[in-house]
Amino acid sequence: MRKVRGFRLAGSVSVVGLVLAAMTHSGMAQSAPGLAADGKIRAALSDVSARQIQANIEKLVSFGTRSTLSAQDPAAIASGRGIGAAREWTKSEFERYSHDCGGCLEVKTDSYTQEPGERVQEPTVITNVYAVLKGTDPENAKRIVLVTGHYDSRNSDNYNITDDAPGANDDASGTAVSLECARVLSKLKFPATIVFLTVAGEEQGLYGSHHFAKMAKDQGWELEAVLNNDIVGADKSPEQDRSRIRVFSEGVPAVATDPDLRRLRLLGGESDSTSRQLARYMVDVGRAFALGVKPMMIFRPDRYLRGGDHFSFNQQGFAAVRITEFREDFHHQHQNVRMENGIQYGDLPKFVDFEYVSEVARLNAATLGSLAAAPAPPANVHLLTKDLENDSTLAWDRSPGGLATAYEVLWRATTSPEWEHAEKVGNLTRTTLKMSKDNVIFAVRACDQAGHCSLPVVPTPER
Ligand SMILES: [Zn+2]
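Keep in mind it's a predicted model, so treat the numbers as computed, not measured.

Draft legend 1. The arrangement of the coordination of the zinc ion in detail. Coordination sphere of the zinc ion, protein contribution only: H150 (NE2), D170 (OD), D230 (OD) and D230 (OD), at 2.0 to 2.5 Å. Considering all 4 donor atoms around the zinc ion, angles at the metal cover 54 to 144° and the coordination shape is irregular. Donor residues binding the zinc ion come from one chain and are separated in sequence as H-x19-D-x59-D. With H150 in strand β3 (residues 143-150) and D230 in the loop between β5 (222-229) and β6 (244-248), the pair connects residues that are 80 residues apart, well separated along the chain.

Below, the structure is given as structure tokens:
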């Protein structure tokens, strides 16, 4: 009895202690940063179906091989084997979802001929297939969030285009996530635009995504976030952790210039790229919607010495993360289907956990929906450093697009991976906090009345 009471007392003391500690930072009470779980998005998440995802993965596997170098002529498409058939089916699936929402999706292809290069011997047509759910607010429709997976596959030999390359996990699982997000989110309306993308040519060197990201850059897309799902099937090995999903993000941006790098070195800014803010946002989304799979941030661009389609977007200056299962099984990746010494090789559907993929799809849909419902991030965020002082003054321009009703200043210890505190500052564009900029990292985000918040923006110093 006494022990229990003592435990409770200790618990309440620590809560009081935390509140006091928070208050001493700035003299005002703050809350931990969080996001609201939008009720409509929550309802859409319950519509995500493991059975639909399984059907889509099995359908993609049924094309035998989806090697980017495999046949895509009309006869091959008619025969239902090869990347051409997979492409046409993916397109028809997006079109089916669009039909179900009264034509709300614009289904498009981005196609070009890749000249011979790394892992491509002959001129090869590479086609990305995507669906656009246009934003309903004229001022915000030009803002875009995007989800992608690669629908191509490969087996042990890059140039083997005839034997099976089922690619159930790599990356029919990611393609199925993009498709399922399109199916469930197309039933809703958002002020900003969502793009559901599937790319080809990943296995030869990220060709499809490179072409697409460059198009987005050349056309001046306001692309705020890219979620690249690649190998999200929770391969059924005993060491797999089905409660977690890895989210990789670059720390120092691929496009950082020399002056950028000098500034990052001076300020300790190496963990605050826009991609990393996106990874943190996904953690908040996972918490807000109490999802069954938790994002596990990895502070590196990708797995050791490996890469993926998010690189293509990072290289054009966009925030992009890679989402991958906790533990990969390399017997099932880039392998011809075969038995050897009692081991089954090959990327087969039987190793994919469809329930897990549907939780990953929910995480993606919740992130896309939350961002597409939120105001644009505040612009031109600055930390004033003209005078040496212990207070910190932040200033910013209003979030463009008119959705924001208030701003929040976030901060964290320089050693902390996640935002720790948030302070609502109202509908202002300047605030002073009674705390030293030297001891923390700040950011500002724009929120609306319903609690949708933008990605946070870390200030640049202004003298
Ligand atoms: Zn892959």
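Next comes the rest of the write-up.
Draft legend 2. Unusual backbone geometry, seen in detail. For the bond from D170 to D171, the omega torsion is 5°, close enough to zero to count as cis. Here D171 is to be found in helix α6 (residues 168-185). Of note, the phi angle at I231 is positive, near 70°, even though the residue is not glycine. Along the chain, the position of I231 falls in the loop between β5 and β6. Positive phi, close to 55°, is recorded for L305, a residue that is not glycine. Considering the arrangement of structural elements, one finds L305 in the loop between β7 (294-298) and α11 (310-314). Under the relative-accessibility criterion, L305 is labelled exposed at 83%.

Draft legend 3. Highlighting the packing of α6 against helix α12 (residues 354-373). Two elements in contact, α6 and α12, have axes whose closest approach is 9 Å; the angle formed by their N-to-C orientations is 50°. One element, α6, and the other, α12, form an angle in the oblique class. Crossing geometry of α6 relative to α12 is assigned as right-handed. Taken together, the residues of α12 that come into contact with α6 (itself represented by S173, V177, C181, V184 and L185) are V357, V360, A361, N364, A365, L368 and G369. Looking at the contact of α6 with α12, its residues break down into 9 nonpolar, 3 polar and no charged.

Draft legend 4. Quick peek at the packing of aromatic side chains. Summed over all chains, the structure comprises 6 aromatic pairs. Between F63 and W89, the aromatic rings sit 6.4 Å apart at their centres with planes inclined by 45°, giving tilted as the arrangement. Taken together, the residues F63 in the loop between α3 (50-61) and α4 (74-79) and W89 in helix α5 (residues 83-100) connect sequence positions 26 residues apart. A residue is classified by how much of its surface remains accessible, and F63, at 5% relative accessible area, is buried. Residue W89 is classed as buried on the basis of its relative accessible area, which comes to 13%.

Draft legend 5. Spotlight on the sheet that holds strand β12 (residues 392-397). An order of β15-β12-β11-β17 is seen for the 4 strands of this open sheet, with the pairing classed as mixed. Looking along the sheet, the strands with just one partner apiece sit at the ends: β15 (430-433) and β17 (460-462). On average, each strand axis in the sheet is tilted by 30° relative to the strand beside it, whichever way the strands run. In terms of strand pairing, strand β11 (residues 379-384) meets β17 through 3 bridges, oriented parallel. Its bridge partner being in β17, H382 is matched across the sheet by T460.

Draft legend 6. Spatial organisation of helix α2 (residues 39-46). Burial in α2 covers these residues: I41, A44 and L45. Down the axis of α2, the buried side of the element spans an arc of 105°, and every buried residue falls inside it. α2 presents G39, K40 and S46 as exposed residues on the side facing more than 90 degrees away from its buried surface. The inward-facing, buried residues of α2 abut α6 and α12. Two to three positions downstream of the cap, the backbone nitrogen of K40 sits 2.8 Å from a side-chain oxygen, assigning the N-cap of α2 to D38.

Draft legend 7. Up close: the sheet that holds strand β2 (residues 124-133). In space, the 8 strands of this open sheet follow the order β1-β2-β4-β3-β5-β8-β6-β7, with mixed pairing throughout. Pairing within the sheet leaves two strands with one partner each, and these edge strands are β1 (105-114) and β7. Neighbouring strand axes in the sheet, compared pairwise and without regard to direction, differ in orientation by 25° on average. With respect to the sheet, α12 is in contact with β3, β4 (193-199), β5, β6, β7 and β8 (320-325), its orientation differing from that of β3 by roughly 165°.

Draft legend 8. View of the side chain of S399. Checked against the element boundaries, S399 lands in the loop between β12 and β13 (406-413). Looking at S399, the relative accessible area reads 6%, which means it is buried.

Draft legend 9. Highlighting the confidence of the model for the chain. Mean pLDDT over the chain works out to 93, with 93% of the residues at or above the 70 mark. Between residues 1-29, whose pLDDT stays under 50, and residues either more than four places distant or in other chains, the model counts 15 contacts.

Draft legend 10. Examining the side chain of D347 more closely. Note that D347 resides in the loop between β10 (343-345) and α12. The contact partners of D347, leaving out residues within four places of it in the chain, are P166, G167, A168, N169, D170 and H332.

What counts, and at which threshold
- Throughout, a residue's number is its position along its own chain's written sequence, starting from 1.
- The predicted origin of the model limits local features to residues at a pLDDT of at least 70 and limits the giving and counting of side-chain atom pairs to 80 or more, whereas totals for whole chains, interfaces and linings rest on all residues.
- To get the side-chain values, all heavy atoms of the structure are used, and hydrogens and water are removed first.
- A donor here means an N, O or S atom no more than 2.8 Å from the metal, or no more than 3.2 Å when the metal is Na, K or Ca. Since water is not included, a site may seem to lack partners.
- When four donors show all angles between 85 and 135 degrees the site is tetrahedral, when four or six donors have opposite pairs over 155 degrees and all other angles between 65 and 115 it is square planar or octahedral respectively, and in every other case it is irregular.
- Secondary structure elements follow DSSP: runs of H or I of four or more residues count as helices, runs of E of two or more count as strands, with numbering from the N terminus.
- For each residue, the accessible area found with a 1.4 Å probe, counting protein chains only, is set against the maximum for its type, and the residue is called buried under 20%, exposed over 50%, and partly exposed in between.
- Only the stretch in contact is used when fitting a helix axis, every axis being a line fitted to C-alpha atoms; angles between N-to-C directions are given from 0 to 180 degrees.
- Should an angle fall under 35 degrees it is taken as roughly parallel, and over 145 as roughly antiparallel, whereas 65 to 115 is taken as roughly perpendicular and any remaining angle as oblique.
- A crossing counts as left-handed when the near helix is turned anticlockwise from the far one by less than a right angle, and as right-handed when that turn is clockwise.
- Whether two residues are in contact is decided by their heavy atoms: any pair within 4.5 Å suffices.
- Basically, the charged four are Asp, Glu, Lys and Arg, the nonpolar ten are Ala, Val, Leu, Ile, Met, Phe, Trp, Tyr, Cys and Pro, and anything else, Gly included, counts as polar.
- Pairing of aromatic rings covers Phe, Tyr and Trp, the last counted by its six-membered ring, and requires centre-to-centre distances within 6.5 Å; plane angles under 30 degrees mean stacked, over 60 mean edge-to-face, and any other angle means tilted.
- At least two bridges found by DSSP between two strands are what make those strands a pair.
- Within this analysis, the arc is defined by the directions that extend from the helix axis to the C-beta atoms.
- By the criterion applied in these results, polar contacts are pairs of N or O atoms within 3.5 Å in which, for protein atoms, one can donate a hydrogen and the other can accept it, and in which residues neighboring in sequence qualify only through two side-chain atoms.
- As a per-residue measure, pLDDT reflects the predictor's confidence and takes values from 0 up to 100.

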